[in-house]
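Reading the structure
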Amino acid sequence: MTVGLFIPCYVNQFYPQAAIATLQLLQKLGVEVVYPPRQTCCGQPMANSGFEHLTQDCNRLFLENFSEFDYIVAPSASCVLHVKQHLHAPTNPALAERTRSRVYELVEFLTDVLKVENLAARFPHKVGIHQSCHGLRGLYLAQMSELNASPFSKPVQLLNMVDGLELVDLDRPDECCGFGGTFCVAEEAVSVKMGKDRVTDHVKNGAEYITSVDLSCLMHLEGILHRNKSAIKAVHIAEILNATV
């Protein structure tokens, strides 16, 4: 099995430690990982702003970089969802369809493909999970609280394997943080208020760390935490699953 490591542009620029943790974790689990050096933005910001017709070069480059791998794995639910839903190739639709089917967010790859049952990880802290909207309602990484259905959570399944980690229960466990990509620019006041509500929930319930499958959400929450001079830290789930001390 050979995995193409897809690192979204904002992760590469702002949170390279999450990318490194993803690589190390996959290698610990015996996966052969290749990082295509010519990769760049998947086109999500343009598509979300109504300019999907301008993303064809992004699609072409993505296929050039990743179409030959057995699986494509990324530490970002939002970028994975975008590729799964919007990667197209007018001259070779079969190639695009096949590539879309091979793209996985890190957590779902660990639970659904590798079927990980134990991790040699230790993180002795109280952790609150932020369920990103793309991960929850797009990739179905966990059950939505508004549904009358049996609960499940793939992130929780993995975090329960981490020695010393204590998950905190939140009052509103799957409420949006307000980031929403360009939404946080166009509707900054609403975005900030939603983010403050999420931070307050974690603070109230004793979290030392906030984790998520989406660094875009964590970046938004981290900004609010820093502005409030809070001791709570935001950390991507890959960093926790890869932690040893």
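Thresholds, definitions, all that
- Residues numbered from 1 in each chain as written.
- Predicted model: local features only at pLDDT ≥ 70, side-chain atom pairs only at ≥ 80, totals over all residues.
- Heavy atoms only, no water.
- Helix = DSSP H or I, 4+ residues; strand = E, 2+ residues; numbered from the N terminus.
- Buried < 20%, exposed > 50% of the residue type's maximum accessible area, 1.4 Å probe, protein only.
- Lys, Arg positive; Asp, Glu negative; His and termini not counted.
- Salt bridge = Lys/Arg side-chain N within 4 Å of Asp/Glu carboxyl O.
- Polar contact = N/O pair within 3.5 Å; in protein donor to acceptor, adjacent residues only side chain to side chain.
- Contact = heavy atoms within 4.5 Å.
- Phe/Tyr/Trp six-rings, centres within 6.5 Å; stacked < 30°, edge-to-face > 60°.
- Lys NZ or Arg CZ within 6 Å of the ring centre and 35° of its normal.

Position of E105 among the secondary structure elements: in strand β4 (residues 103-105). Buried within the structure, E105 lacks any salt-bridge partner; K154 is the closest side chain of opposite charge, at an N-O distance of 7.8 Å. Only 2.9 Å separates the side chain of E105 from the backbone nitrogen of V107, close enough to count as a polar contact. Every residue in contact with E105, bar those within four places of it in the chain, is listed here: A74, S76, A77, V80, L139, L141 and V213.

Our next topic: the pattern of salt bridges. Under the defined criterion, the tally for this structure stands at 12 salt bridges. Where D57 meets R60, a salt bridge forms, and the shortest distance between an N and an O atom there is 3.8 Å. You can see D57 and its partner R60 sitting in helix α4 (residues 56-66), three residues apart, about one turn around the helix. Given a relative accessible area of 42%, R60 falls into the partly exposed group. In this structure, the salt-bridge partner of K204 is D171, at a minimum N-O distance of 2.8 Å. Separated by 33 residues along the polypeptide, K204 in helix α11 (residues 188-204) and D171 in the loop between β6 (166-167) and α10 (183-186) bring together distant segments of the chain. By sharing partners, the salt bridges in this structure join R38, D57, R60 and E64 into a single network.

Turning our attention to the packing of aromatic side chains. In total, this model carries eight aromatic pairs according to the counting rule given. Ring centres of F62 and F66 lie 4.7 Å apart, and the angle between their planes is 35°; on these two criteria the pair is classed as tilted. Here F62 and its partner F66 are both found in helix α4, four residues apart, which amounts to about one turn of the helix. Judged by its relative accessible area of 1%, F66 falls in the buried class. Seen from their ring centres, Y71 and F109 are 5.4 Å apart, and the 65° between their planes marks the pair as edge-to-face. Linking Y71 in strand β3 (residues 71-74) with F109 in helix α7 (residues 106-113), this pair joins segments that are 38 residues apart in sequence. Clustering of aromatic rings is evident, with ring pairs tying together F6, F62, F66 and F69. Positioned above the aromatic ring of Y104 is the side chain of K84, whose terminal nitrogen or guanidinium carbon lies 5.2 Å from the ring centre.

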